[in-house]
Amino acid sequence: MTAQDIIFIGAPVDSGKDRKGCIMGPDAYRTAGLEDTLAGLGCTVIDNGNLTAEQTEIPDHDHLVALPQTVGWTRTLHAAAVEAAPKGLPIFLGGDHSLALGTVTGIADHAASVGKPLFVLWLDAHTDYHTPDTTSSGNLHGTPVAYFTGRDGFDAFPAVNNPVPTANICMMGLRSVDPEEHAALADTEMHIADMRAIDEFGIRAPLAHFLDRVAAADGLLHVSLDVDFLDPDIAPAVGTTVPGGATLREAHLIMEMLHDSGRVTSLDLVELNPFMDERGRTASLMVDLTASLMGRRVFDRPTRSFV
Ligand SMILES: [Mn+2]
């Protein structure tokens, strides 16, 4: 195992949807022992604490939920990503998925500054490919992929300096895609492994194919892990549960393959809502998956009391 310098950036973003609770996410990861777990694997961990969103002059929007707050978070997290990326492997402790508006665009600017292409692995039940114009709910946590790939409709947000090419994105775990997103995705080169593809071919083949492309391009790889990627039976603490998600073994296999690739340079942990958790089991599972990403083998992990 290669030791890593890891930087925790607490991003208690709760503005991306109506249901509240993700504000408690960063502290739930701390309570579940994320720092000690990674330190035990030989990583050096610096915890930058929780950020607060920049205040903005933007007025409230009739349809979009908490637009000013989410724009503020985007500015704050973009800056935090740009600052942290040269120093180590940032782990953004979310927070709902709207935080990726800032984290991925910040990491993309960092990648451009070091002259490398950025790839993104999106582990999620949803594509989050709505624009502010197509979202019927007005929940901006459903928009980050549209934003960082450079789609139109984000006039209230900072301009995207380095859009991530859709050919550099792999989505795994999809099982709830709205018609507008489906139509828009058809025009892209996005790598998509929905749950049917995973049922037919398994997790390994599509991920190995994508990781080969990252390696061939000598790219940086940002991983965005949404709790709802996982099956609700093992990860109940999320406001957007969809049945039929990834199993424990599938999720660990992904993380172990990512570790073996040596390519991951930044990570989002998003949509954990501790208010909906059962004795911290979802937070603990997310800690375990992060440990697998950093080199722990699943059969080495200690038996846990809640299993
Ligand atoms: Mn998501």
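Residues numbered from 1 in each chain as written. Predicted model: local features only at pLDDT ≥ 70, side-chain atom pairs only at ≥ 80, totals over all residues. Heavy atoms only, no water.

Draft legend 1. Focus on helix H10 (residues 281-293). In this model, H10 (13 residues) spans 18 Å end to end at C-alpha, consistent with the 18 Å of a helix rising 1.5 Å per residue. Buried residues dominate H10, accounting for 12 of its 13 residues. All of the buried residues in H10 are Thr282, Ala283, Ser284, Leu285, Met286, Val287, Asp288, Leu289, Thr290, Ala291, Ser292 and Leu293. Those residues of H10 that are buried lie in contact with helix H1 (25-31), helix H2 (34-39), strand E3 (89-94), strand E7 (220-226), helix H9 (248-261) and strand E8 (264-270). Where H10 terminates, the next one or two residues include Gly295, which has phi positive at roughly 120°. (Helix = DSSP H or I, 4+ residues; strand = E, 2+ residues; numbered from the N terminus. Expected span 1.5 Å × (residues − 1). Buried < 20%, exposed > 50% of the residue type's maximum accessible area, 1.4 Å probe, protein only. Contact = heavy atoms within 4.5 Å.)

Draft legend 2. The coordination of the manganese ion, seen in detail. His97 (ND1), Asp124 (OD), Asp128 (OD) and Asp226 (OD) make up the full set of protein donors to the manganese ion, lying at 2.0 to 2.2 Å. For the manganese ion, the single-chain donor residues occur in sequence as H-x26-D-x3-D-x97-D. Linking Asp124 in the loop between strand E4 (118-123) and helix H5 (144-148) with Asp226 in strand E7, this pair joins segments that are 102 residues apart in sequence. Here Asp124 falls in the buried class, since its relative accessible area comes to 0%. (Donors = N, O, S within 2.8 Å, 3.2 Å for Na, K, Ca; no water.)

Draft legend 3. Focus on a nonpolar patch on the surface. A cluster of nonpolar side chains, contributed by Ile23, Met24 and Phe275, occupies part of the molecular surface with about 340 Å² of accessible area. Here Ile23 is to be found in the loop between strand E1 (5-11) and H1. (Patch = residues over 30% accessible without salt bridge, like charges linked within 9 Å, V, L, I, M, F, W, Y side chains within 5 Å. Areas by Shrake-Rupley, 256 points an atom, 1.4 Å probe, with all protein chains shown as cover. Salt bridge = Lys/Arg side-chain N within 4 Å of Asp/Glu carboxyl O.)

Draft legend 4. The arrangement of the pattern of salt bridges in detail. By the definition in use, this model includes 14 salt bridges. For Asp260, the salt bridge goes to Arg297, with nearest N and O atoms at 2.7 Å. Taken as a pair, Asp260 in helix H9 and Arg297 in the segment after H10 lie far apart in primary sequence, 37 residues in all. What makes Asp260 exposed here is its relative accessible area of 52%. Residue Arg281 pairs with Glu278 through a salt bridge whose shortest N-O separation is 3.1 Å.

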